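Structure assessment
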Amino acid sequence: MENSRRTRMLAVRVRSGDLIEVDGRWQEIKAVRTQRYATGGTCVTFMFQTGPALRLRAGDSVAIRRDGQEVT
């Protein structure tokens, strides 16, 4: 992954195929689902190629790698 860009991005902007850092390991996103909390806030659930799903608030910042594209 030498040629990959790494940056931080809001969870709500992450998409399938991106890699995000979870507990010091890079996990590939298989699917992304946006949902509402009962209190009205927005959350994002990431399903990975391997391992359990992860739910974050939409405004949380995550470390991301997206091969071949500049992430802005």
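To start, this report covers the structure provided alongside it. For clarity, every value in this text was computed on a predicted model and none was experimentally measured. (Residues numbered from 1 in each chain as written. Predicted model: local features only at pLDDT ≥ 70, side-chain atom pairs only at ≥ 80, totals over all residues. Heavy atoms only, no water.)

1. Focus on the environment of R55
Tracing the chain through its elements places R55 in strand 5 (residues 54-57). C-alpha separation for the pair R55 and V32, spaced 23 residues apart in sequence, amounts to 9.8 Å. R55 has contacts with Q35, Y37, C43, V44 and T45, leaving out every residue within four places of it along the chain. A polar atom in the side chain of R55 sits 3.3 Å from the side chain of Q35. Polar side-chain contacts of R55 include one of 3.3 Å to the side chain of T45. (Helix = DSSP H or I, 4+ residues; strand = E, 2+ residues; numbered from the N terminus. Contact = heavy atoms within 4.5 Å. Polar contact = N/O pair within 3.5 Å; in protein donor to acceptor, adjacent residues only side chain to side chain.)

2. Here's the deal with the pairing of strand 2 (residues 19-22)
Here strand 2 pairs with strand 3 (residues 25-36) via four bridges, running antiparallel. Its bridge partner being in strand 3, E21 is matched across the sheet by W26. Between the antiparallel neighbours strand 2 and strand 3 lie two residues, among them D23 with a positive phi of about 50 degrees. Relative to strand 6 (residues 61-66), strand 2 runs antiparallel, the two sharing two bridges. In the strand pairing of strand 6, I20 is matched with I64. (Pairing = 2+ DSSP bridges.)

3. Concerning the side chain of D60
Within the secondary structure, D60 is located in the loop between strand 5 and strand 6. By relative accessible area, which is 18% here, D60 ends up buried. A polar contact of 2.8 Å, which involves the side chain of D60, links it to the side chain of R57. With near-sequence residues (within four places) excluded, D60 lies in contact with M9, L10 and A11. (Buried < 20%, exposed > 50% of the residue type's maximum accessible area, 1.4 Å probe, protein only.)

4. Focus: unusual backbone geometry
Positive phi outside glycine occurs at D23, with the angle close to 50 degrees. By relative accessible area, which is 79% here, D23 ends up exposed.

Treat this as a map of the structure, not an account of what it does.
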